[in-house]
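# Coordinate analysis (summary)
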Amino acid sequence: MPQIEVRGLAKTFRVAERLPGLAGAFRGLFHRRMRDVHALGGVDFDIERGELVGYIGPNGAGKSTTIKILAGILNPTAGTCRVDGLTPWRDRRRHVSRIGVVFGQRTQLWWDLPVIESFELLKDIYRVPAAVYRDNRDRLIALMDLEPLLDVPVRQLSLGQRMRSDLAAALLHGPRLLFLDEPTIGLDAVSKLAIRDFVRELNREAQVTVVLTTHDMDDIEALCERVMVIGNGRILVDGSVDGLRRRVRNERVLVVDYDSADDALGIEAEGEGVRLVERDASRVRIAFDPDRLPAATLIGQLLAQGTPHDLFIEHPPIEQTVAELYAEHDMRER
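Model, not experiment: these values are computed from the prediction. (Residues numbered from 1 in each chain as written. Predicted model: local features only at pLDDT ≥ 70, side-chain atom pairs only at ≥ 80, totals over all residues. Heavy atoms only, no water.)

This brings us to the sheet that holds strand E3 (residues 52–56). Across the sheet, which stays open at both edges, the 6 strands sit in the order E5-E6-E7-E3-E8-E9 with mixed pairing between neighbours. Both outer strands of the open sheet, strand E5 (99–103) and strand E9 (234–240), are each paired with one neighbouring strand and no more. When the angles between neighbouring strand axes are averaged without regard to direction, this sheet yields 15°. Packed on one face of the sheet, helix H6 (residues 159–171) meets E5 and strand E6 (177–181) and runs near 160° to E5. (Pairing = 2+ DSSP bridges. Helix = DSSP H or I, 4+ residues; strand = E, 2+ residues; numbered from the N terminus. Axes fitted to C-alpha atoms, helices over the stretch in contact; angles between N-to-C directions. Contact = heavy atoms within 4.5 Å.)

Spelled out as C-alpha cells, the structure:
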C-alpha cells in the first residue's frame, strides 16, 4: 500500500482584485472584486515508502500548495489524499506527529533562543520520550555537525547553519516522512553538499520517505530517482530523470579530445541520428540519438578516422530539459 495516495486533488483560492491608483484603492473598500486562482487542477499520484521523489515546476505551478495540503496546512477544494492512512487536514494532530517539514524560507526554531533550547521545546511539543529524544538528538547533531552551534541563538546563525539546524529539528521526533520545500535555497556550495549528503543518507539508511521541491536541478540529479513535474496545477511528467530527458529529447553528446587541432579538424560526423555540434581547437562535440546510433558504433566510426586521447558522454543539462518541457506544455495550452 502506498504511503501517500492522492486522487483528483484540487485547490482554488479566491483573491481580491484592486484597480490601480488611489481611486482604485478607495473603491475597493466598498466594492471588492474577487477572482478565482486555480492552484491545483486535479492531481493524481502515489508515493511508496522509502522513495525519494523530486517535485518540480515553475513558480506558481502548485508545488508548495501540494506540500501544504499533504502536510495538513491547507484544505483542498476537491479530491482525496491519504498519508499513512490518515487524511492530513482532518487528522491533523496525529498526522503532524508522523511527518517532518522544512520550508527553506521559514524556520521552526525560536529566533532568540539557542538551538539546543529550540530542540528541547520541540521535544515537549511532540511529546518525544526522553530516551528517544536523546538518541535522535545526538545522532542528528553528529550527522549535521551541529555541536558548535548548539549554544548560539538562531538569529546569529548563517543561512546554511540555520538550514542544518532546521533539518535536525524536523527529525527529532523520528518521522518516517519528510517534506522539503526549497531546502537549499540561497545556500553556498559547501552547505548544499552537506544537506544533500544528509538527505541521501537519511533516505537510504533510515528509509525515510522524502518529497523534495526545488528549483535547483543539481539537487534533483544528485538525489532523486523519480521526478514529478507539475505545470499549471497538473502533473506533466512522472518518471525517472532519464525518462524525463527522453520525453523531451533523446539526445546525448559525445565529447572527444584529440592531441592537436589538426587531428580534430579531419573528423566528420554527419548522418542519421548524429550531428557535429562544435569543433573547438582539439575538442569535438558530437550529438547523437542512442536509439538510432548506439554509442559503441559512433565511437568505432571515430576511431576509424583518428585516435583520440580522451572521450566521454554528456547528458543534456537537466535545466535545459525541464525548460523545454515547460515550453512544450505552454505551446499546447495556447
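Picking up where we left off.
There is about 360 Å³ of room inside the largest pocket. Forming the walls of the largest pocket are 16 residues, and the residues nearest its centre are Ile73, Val101, Phe103, Gln108 and Tyr126. Elements that contribute at least two residues to the lining of the largest pocket include exactly E5 and H6. Of the residues forming the lining of the largest pocket, the biggest block, 5 residues, is contributed by E5. For the lining of the largest pocket, the class distribution of residues is 9 nonpolar, 4 polar and 3 charged. With 4 residues, helix H2 (residues 63–70) is the single largest residue contributor to the lining of the second largest pocket. The class makeup of the residues in the lining of the second largest pocket is 3 nonpolar, 9 polar and 5 charged. (1 Å grid on protein atoms, 1.4 Å probe; cavity = no way out; pocket = protein on both sides within 12 Å on 5 of 7 lines; lining within 4 Å. Points joined across faces, edges and corners; volume = space filled by probe spheres on them. Nonpolar A, V, L, I, M, F, W, Y, C, P; charged D, E, K, R; others polar.)

Taken as a whole and assessed by the stated rule, the structure comprises 16 salt bridges. Two residues, Asp138 and Arg137, come together in a salt bridge whose shortest N-O distance is 3.0 Å. Judged by relative accessible area, which is 17%, Arg137 ranks as buried. As a salt-bridge pair, Asp197 and Arg200 come within 2.9 Å of each other at their nearest N and O atoms. Within this pair, Asp197 and its partner Arg200 are both found in helix H7 (residues 189–206), separated by 3 residues, close to a single helical turn. (Salt bridge = Lys/Arg side-chain N within 4 Å of Asp/Glu carboxyl O. Buried < 20%, exposed > 50% of the residue type's maximum accessible area, 1.4 Å probe, protein only.)

On to the sheet that holds strand E2 (residues 33–47). Here 3 strands make up an open sheet; going across it, the order is E2-E1-E4 and the pairing antiparallel. What marks the edges here is a single partner per strand, and that holds for E2 and strand E4 (78–83). Averaged over all adjacent pairs, the angle separating strand axes in this sheet is 30°, with direction ignored. Pairing geometry for strand E1 (residues 4–17) and E2, over 12 bridges, is antiparallel. In the sheet register, Ala10 faces E2, and the bridge partner there is Gly41.

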